[in-house]
Amino acid sequence: EDQVTQSPEALRLQEGESSSLNCSYTVSGLRGLFWYRQDPGKGPEFLFTLYSAGEEKEKERLKATLTKKESFLHITAPKPEDSATYLCAAYSGGYQKVTFGTGTKLQVIP
Amino acid sequence: DAGITQSPRHKVTETGTPVTLRCHQTENHRYMYWYRQDPGHGLRLIHYSYGVKDTDKGEVSDGYSVSRSKTEDFLLTLESATSSQTSVYFCAISESRQDGEKLFFGSGTQLSVL
């Protein structure tokens, strides 16, 4: 059975304090891994798709990386507006085989 | 935002009543999905569609049915709502482009079954 585990469940950072969120996955035949940002009361907002070990993608203060067992979302010098829940999801085959993690709730304190 | 609109945004209903949620998209996407999101669970797939009148079950399809009579509309129906179906429901579409594969979500419907 495919599994995706995110850690920590919650993270509190001071503004400017860089850190990483972890997404561990067990998926047969990984085709890709998604990262999303979700604000309260809103739908997940697409951030990145990663496909193969060693791949990296960046967007503003966020950088996502992928290994054969994990993905990391690095947040550099975060700002309060980066506060949100970050979701990862791994998929194999078609999009009907997407397995989501339960998310990391990030709070950035001014 | 991939042109996805969900309606209603909020719904309160009673146990045993039928409920239909609507997902409307404006960009002619072939694939559409219904997910539910509950505390302690990742997003879970209910049903999906791969074309007009072509649908299939997802991981948590019991108690739900779907219909897609037009490319732009994907309806989720709870035939007889139960309290366990209290959840946030998201519609999604998938895209495969030159810059990669993406799964986009709508803003969600908060459903409360009393």
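See the structure shown above.
Below is a summary of the structure that appears in this document. Predicted, not measured: the structure shown is a model, and the values here were computed from it. (Residues numbered from 1 in each chain as written. Chains lettered and ligands numbered in written order. Predicted model: local features only at pLDDT ≥ 70, side-chain atom pairs only at ≥ 80, totals over all residues. Heavy atoms only, no water.)

**Structural notes on the sheet that holds strand E8 (residues 70–75) of chain A**
Within a beta sheet, neighbouring strands are joined by backbone hydrogen bonds and run either parallel or antiparallel to one another.
Residue and element names in this part refer to chain A.
Logical step 1: Reading across the sheet, the five strands line up as E1-E3-E8-E7-E6 and stay open at both edges, with antiparallel pairing between neighbours. The open sheet has two free edges, formed respectively by strand E1 (3–7) and strand E6 (56–59), since each of these has just one partner strand. Direction aside, the axes of adjacent strands within the sheet are offset by 15° on average. (Pairing = 2+ DSSP bridges. Helix = DSSP H or I, 4+ residues; strand = E, 2+ residues; numbered from the N terminus. Axes fitted to C-alpha atoms, helices over the stretch in contact; angles between N-to-C directions.)

**Topic: the interface of chain A and chain B**
Logical step 1: Contacts between the two partners involve 19 residues from chain A and, on the opposite side, 22 residues from chain B.
Logical step 2: Regarding the contact of chain A and chain B, the summed buried area is about 1600 Å², with carbon and sulfur atoms giving 56% of it.
Logical step 3: Taken as a group, A:Tyr95, A:Gln96 and A:Phe100 account for 37% of the area that chain A buries against chain B, more than any other trio of residues on that side.
Logical step 4: Summed over the shared surface of chain A and chain B, the result is one salt bridge.
Logical step 5: Seen at the junction of chain A and chain B, the total is seven residue pairs in polar contact (both at pLDDT 80 or more).
Logical step 6: Elements with a minimum of two residues in the side of chain A that touches chain B: strand E4 (32–38), strand E5 (45–50), strand E9 (84–91) and strand E10 (98–100) of chain A.
Logical step 7: Looking at the side of chain A that touches chain B, the element that brings in the most residues is E4(A), giving three residues.
Logical step 8: Its residues assigned to classes, the side of chain A that touches chain B shows ten nonpolar, seven polar and two charged. (Contact = heavy atoms within 4.5 Å. Buried area = accessible area lost by both parts, 1.4 Å probe. Salt bridge = Lys/Arg side-chain N within 4 Å of Asp/Glu carboxyl O. Polar contact = N/O pair within 3.5 Å; in protein donor to acceptor, adjacent residues only side chain to side chain. Nonpolar A, V, L, I, M, F, W, Y, C, P; charged D, E, K, R; others polar.)

**Topic: the environment of B:Leu21**
Residues and elements named next belong to chain B.
Logical step 1: Residue placement: Leu21 occurs in strand E3 (residues 19–25).
Logical step 2: With 54 residues separating them along the chain, Leu21 and Leu75 place their C-alpha atoms 5.7 Å apart.
Logical step 3: Non-local contacts of Leu21, meaning those with residues more than four positions away in its chain, are made with Ser7, Pro8, Trp34, Phe74, Leu75, Leu76, Tyr89 and Thr109.

**Some details on the pairing of E6(A)**
The side chains of a regular strand alternate between the sheet's two faces.
Logical step 1: Alignment of E6(A) against strand E7 (residues 62–66) of chain A, held across four bridges, turns out to be antiparallel. Bridge assignment links A:Lys57 to a residue of E7(A), and that residue is A:Ala64.

**Here's the deal with the environment of A:Tyr86**
Residue and element names in this part refer to chain A.
Logical step 1: With respect to the secondary-structure elements, Tyr86 resides in strand E9.
Logical step 2: When near neighbours in sequence (up to four residues on either side) are disregarded, Tyr86 contacts Gln6, Leu21, Trp35, Tyr36, Arg37, Leu47, Leu62, Leu73, Gly103, Thr104 and Leu106.
Logical step 3: A polar side-chain atom of Tyr86 sits 2.7 Å from the main-chain carbonyl oxygen of Asp82.

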